[in-house]
Amino acid sequence: MAYEATGRLHDIMDEQQVSEKFRKREFVLEVVDGQYPEHIKFQLVQDKTALIDQYKIGDEVRVQFNLRGRGFNKNGQMLYFTNLEAWRIEPAAGGASAGGQQGGGYAAPAANNNPGLRRDAQPQRPAPIASDDDNDLPF
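Residues numbered from 1 in each chain as written. Predicted model: local features only at pLDDT ≥ 70, side-chain atom pairs only at ≥ 80, totals over all residues. Heavy atoms only, no water.

In the annotation of an unreviewed UniProt entry, the entry for the chain reads DUF3127 domain-containing protein, and the organism field reads Hymenobacter oligotrophus.

Colleague: I tried to follow the nonpolar core on my own but got confused; where do I start?
Modeller: Ranked by size, the top nonpolar core spans 17 residues in total, and within it F27, L29, F42, V63, F65 and I89 carry the most contacts. Within the residue set of this core, elements represented by two or more residues are β1 (2-12), β3 (22-32), β4 (37-45), β5 (60-74) and β6 (77-91). Sequence-distant contacts of I89, that is, excluding residues within four places in its chain, are made with F27, L44, L51, I52, Y55, V61, R62 and V63. (Core = buried A, V, L, I, M, F, W, Y, C linked by side-chain atoms within 4.5 Å. Buried < 20%, exposed > 50% of the residue type's maximum accessible area, 1.4 Å probe, protein only. Helix = DSSP H or I, 4+ residues; strand = E, 2+ residues; numbered from the N terminus. Contact = heavy atoms within 4.5 Å.)

Colleague: What should I look at first to understand the side chain of Q64 in this one?
Modeller: Position of Q64 among the secondary structure elements: in strand β5. The class for Q64 is buried, based on a relative accessible area of 7%. Here the side chain of Q64 touches E4 through a polar contact of 3.1 Å, side chain to side chain. (Polar contact = N/O pair within 3.5 Å; in protein donor to acceptor, adjacent residues only side chain to side chain.)

Colleague: I tried to follow the pattern of salt bridges on my own but got confused; where do I start?
Modeller: Think of it this way: side chains of opposite charge can pair up when their charged atoms draw near. Counted according to the given criterion, the structure contains seven salt bridges. Where E26 meets K41, a salt bridge forms, and the shortest distance between an N and an O atom there is 3.6 Å. Note that E26 is positioned in strand β3 and K41 in strand β4, a separation of 15 residues in sequence. The network of salt bridges with shared partners includes K24, E26 and K41. (Salt bridge = Lys/Arg side-chain N within 4 Å of Asp/Glu carboxyl O.)

Structure representation (structure tokens):
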């Protein structure tokens with residue numbers, strides 16, 4: 001499921017090498033949704049960890065992300081966790097600046113006008129790799 005949120009960067013953590021084959025980087029987005037701001041933690045994984053490098057705390061950004069959830073059995077008890085896995089970060093409509101817009105929040109869903117998360121954003125899919133016989137490039 002793909003969603004989108006807009007807000008101000010509140011914190012950017014260092015990259016973590018979780019295992020030999022998995023690395024992640026987390027950041028917190030401050031989203032004004034009602035009277036009080038929400039601080040929402042997102043994670044970038046693998047080759048996406050560098051997406052946040054061009055931004056600094058205070059920048060207004062739009063984040064496109066997927067909801068990821070998993071369950072695991074620990075000592076006979078089922079436990080669950082959820083992650084907001086970001087796959088695109090770009091400056092918000094007003095530009096990325098510390099003194100920019102005061103607003104923010106979740107984009108309205110595509111199907112109706114109720115507040116919530118927008119589900120119509122499409123995740124990036126890598127382009128298929130063509131063999132040398134499938135293209136007409138000179139190199």
